[in-house]
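Examination of the molecular architecture
Spelled out from the first residue to the last, the chains are:
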Amino acid sequence: MDFFELLAESLNALTLNKMRTALATLGIVIGIGAVIALISLGQAGQKAVQSQIESLGSNLLTVMPGAATTGGVRGAAGGDTTLTYDDAKAISTSPEITAISNVSPELSRRAQVTAGRNNSNTQVVGVIPSYAAVRNVTMSAGTFITSNNVDSEEKVAVLGPQVVSDLFGDGADPVGQSIRINKQAFRIVGITVSKGGTGFLNQDDIVFVPLTTAQNQLFGVDYVSTISLAAKSADVMTEAENQVVYLLLSRHKIKDPANADFRIFSQADVLGAASQVTGTFSALLSGIAAISLLVGGIGIMNIMLVTVTERTREIGLRKALGAKKKTVIAQFLAESIILTFVGGVIGMILGAGLSLVISHFISLPFTLSFSAIVLAIGVSAGIGIVFGLYPARKAADLSPIEALRYE
Amino acid sequence: MIKVTHLSKIYKMDGVQTVALSDINFEIDKGEYVAIMGPSGSGKSTLMHMLGALDTPTSGKYILDGQEVGNLSDDELAEIRNKKIGFVFQAFNLLPRTSALKNVILPLSYASYPKENREKRATELLTMVGLGDRLHHNSNQLSGGQQQRVAIARALAMDPALLLADEPTGNLATSQSEEIMTIFSDLNKKGHTIIMITHEPLIAKFAKRIITVRDGKIIKDEKNGKHLKIKV
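Residues numbered from 1 in each chain as written. Chains lettered and ligands numbered in written order. Predicted model: local features only at pLDDT ≥ 70, side-chain atom pairs only at ≥ 80, totals over all residues.

Turning our eyes to something else, we now look at helix 6 (residues 161-168) of chain A. All names here are of chain A. Among the residues of helix 6, Pro 161, Val 163, Val 164, Asp 166 and Leu 167 are the ones counted as buried. Contacts made by the buried residues of helix 6 are with strand 4 (100-115), strand 5 (118-127), strand 7 (156-159), strand 8 (178-181), strand 9 (184-192) and strand 10 (206-210). Directly beyond the C-terminal end of helix 6, a positive phi value near 95° is found at Gly 169. (Buried ≥ 20, exposed ≤ 12 C-beta atoms within 10 Å, placed from the backbone. Helix = DSSP H or I, 4+ residues; strand = E, 2+ residues; numbered from the N terminus. Contact = placed C-beta atoms within 7 Å.)

Here is the structure:
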């Protein structure tokens, strides 16, 4: 038998029992599809987490007030009220500060926001114009908070897209209309572009107002909750941090840095935590991949063992009619390869389709993992071929009479 | 054409030795039609497996068509089965859901018989056994007798020196049995050498020579009603 005859014989044998072939293919399709879908979804999740962390801003330093100490009892970090707008102004004007390009003092509170009959509890942030540069905010309509807005304590607001859809419905353009924040009317001057994120990380569920308006009219306080700083480049982060620490210590008249009433977090800290998160994610993914490969592999092994063992009599007959052992083995090898190839291609399409649909529904970016495809098809094909060939080889080793009598 | 000398087969299973055949000697000439008879457990099936190169003897010689078969490799035995022996089994053993034509072509494809002639050869043989109008019927669409006729056509595909039938009528009704036996008689008249294993005396009577086996030994060898001397 030459190669093409062998191929024809294998294809013929596969079409003889369509149910058996369909079941074997299904086993391989499910095995490979599941692995590809799971790994692709996992990688999509990993990517989403990474990009959300990156979108928080680059070269970012965050100054937070220290923990309030009341009668010797230390409270939560950030609970104190030691940072002011003047601290921020000093950082941006001091000649000693050379490594900082933008300073953004922020006062952030949750507040009830209403428009007509709709209302929403959302994050209200008092900002100055440099916020947009520090936090990578871009506008989809109108303008961001301006210096004039801040200087004259205007009651204007910039809305995140989530707030727009909560209060005005999807796709509405409410620029020029007004909303009420804690019962005070604010004119909407702009809408930001969506940055994504969910839950506590949702950067779209937010309302920006001028910092002075937030301090004096909305919340009646004279401090800020954080000061965000953009360093001139990633290389001068440490320098920038030292300059700011020095300036704030002297402004707050503190001699020992250990007693500082503020803390500085850099993006490097956040990225460090993020890489721990993504590391855990990768480990989780490897676990999922290993389990799905194992489950898929066992499924393929079972179906191949059963379908080929069932054909021991046929192998005996073929040998009695003059088939050599290597011809029989070659035929079953070809059958296993055809099955795993066809099953692999269908499984790949199914896996990609599944991860496309699921990532659409849970709003993750769609990624197709090339390494998952190689891994899934490689392992499954290996298992399919080994366990298709093993019983065929065993049957071909029997004398034709023993194989023919096999029940 | 067939010469068997001092042929023995001993099975060893779990340390227990079972003597299936001991010291068998006989010769069969070209064109003979021989029935091998005996009750179950007599060793007649083992003898047929030896003659069919499906199994190898423990000791002794088996010469088929001038070739010593006893000590051949697995692949060489496959070639002998393909070119020199045609099998007809009790259970027909056709490939399921496969056309009569493809079943007859199967041994031709294992022999690398010229591709362009395979279908013609298979069609001729199927026509000869009276299935010219059922070439494309699948094996499960045929009656038992028709399936056995496909099996005979398949056995003849490579024009083998020996046609070996193991209880060919064991699974058939009487009328169909007669059809099959008529085909064997016709084939014998055309010069085919046939060995048939059976336990039914009525079927054995179609053969011209009857060898009776019991307890692994030949106890009777009759040709056209005359007793031949049993060689020892």
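There's more to say after this.
Here the focus is the sheet that holds strand 10 (residues 217-223) of chain B. Strand-to-strand pairing in sheets goes through backbone hydrogen bonds, with the strands running parallel or antiparallel. Residue and element names in this part refer to chain B. Pairing in this open sheet of seven strands is mixed, and the strands run 6-7-8-3-9-10-11 from one edge to the other. Only two strands of the sheet have a single partner each, and these edge strands are strand 6 (85-88) and strand 11 (226-227). Note that strand 7 (residues 162-166) and strand 8 (residues 193-198) share five bridges and pair parallel. Paired with Leu 163 across the bridge in strand 8 is Ile 194. Across the face of the sheet, helix 5 (residues 144-156) comes into contact with strand 6 and strand 7 while running at roughly 170° to strand 6. (Pairing = 2+ DSSP bridges. Axes fitted to C-alpha atoms, helices over the stretch in contact; angles between N-to-C directions.)

This paragraph deals with the interface of chain B and chain A. Frequently, the measure chosen for interface size is the accessible area removed from exposure when the parts meet. With 21 residues of chain B at the interface, the matching set in chain A holds 17 residues. Counting residues per element, the ones that place at least two in the side of chain B that touches chain A are helix 2 (74-83) and helix 3 (100-110) of chain B. Among the elements that make up the side of chain B that touches chain A, the one with the highest residue count is helix 2 of chain B (six residues). For the side of chain B that touches chain A, a count of residues per class yields nine nonpolar, six polar and six charged. (Nonpolar A, V, L, I, M, F, W, Y, C, P; charged D, E, K, R; others polar.)

Moving on, we come to unusual backbone geometry. Within the chain, A:Asn136 stands out as a residue other than glycine whose phi angle is a positive 55°. If you trace the backbone, A:Asn136 turns up in the loop between helix 4 (130-134) and strand 6 (139-142).

Attention now moves to the packing of helix 11 (residues 325-361) of chain A against helix 12 (residues 370-397) of chain A. Residues and elements named next belong to chain A. One way to put it is that helix 11 packs onto helix 12 with a least axis distance of 9 Å and a crossing angle of 155°. Accordingly, the angle class assigned to the pair helix 11 and helix 12 is roughly antiparallel. Judged by the sense of rotation from one axis to the other, the crossing of helix 11 with helix 12 is right-handed. Along the contact surface, helix 11 presents Lys 325, Val 328, Ile 329, Phe 332, Leu 333, Glu 335, Ser 336, Ile 337, Leu 339, Thr 340, Gly 344 and Met 348, while helix 12 presents Ile 373, Ile 377, Ser 380, Ala 381, Gly 384, Ile 385, Gly 388, Leu 389, Ala 392, Arg 393 and Ala 396. Looking at the contact of helix 11 with helix 12 residue by residue, the classes come out as 14 nonpolar, six polar and three charged. (Parallel < 35°, antiparallel > 145°, perpendicular 65-115°, else oblique. Left-handed = near helix turned anticlockwise from the far one by under 90°.)

Take it as geometry only, folks, not as evidence of what the structure does.
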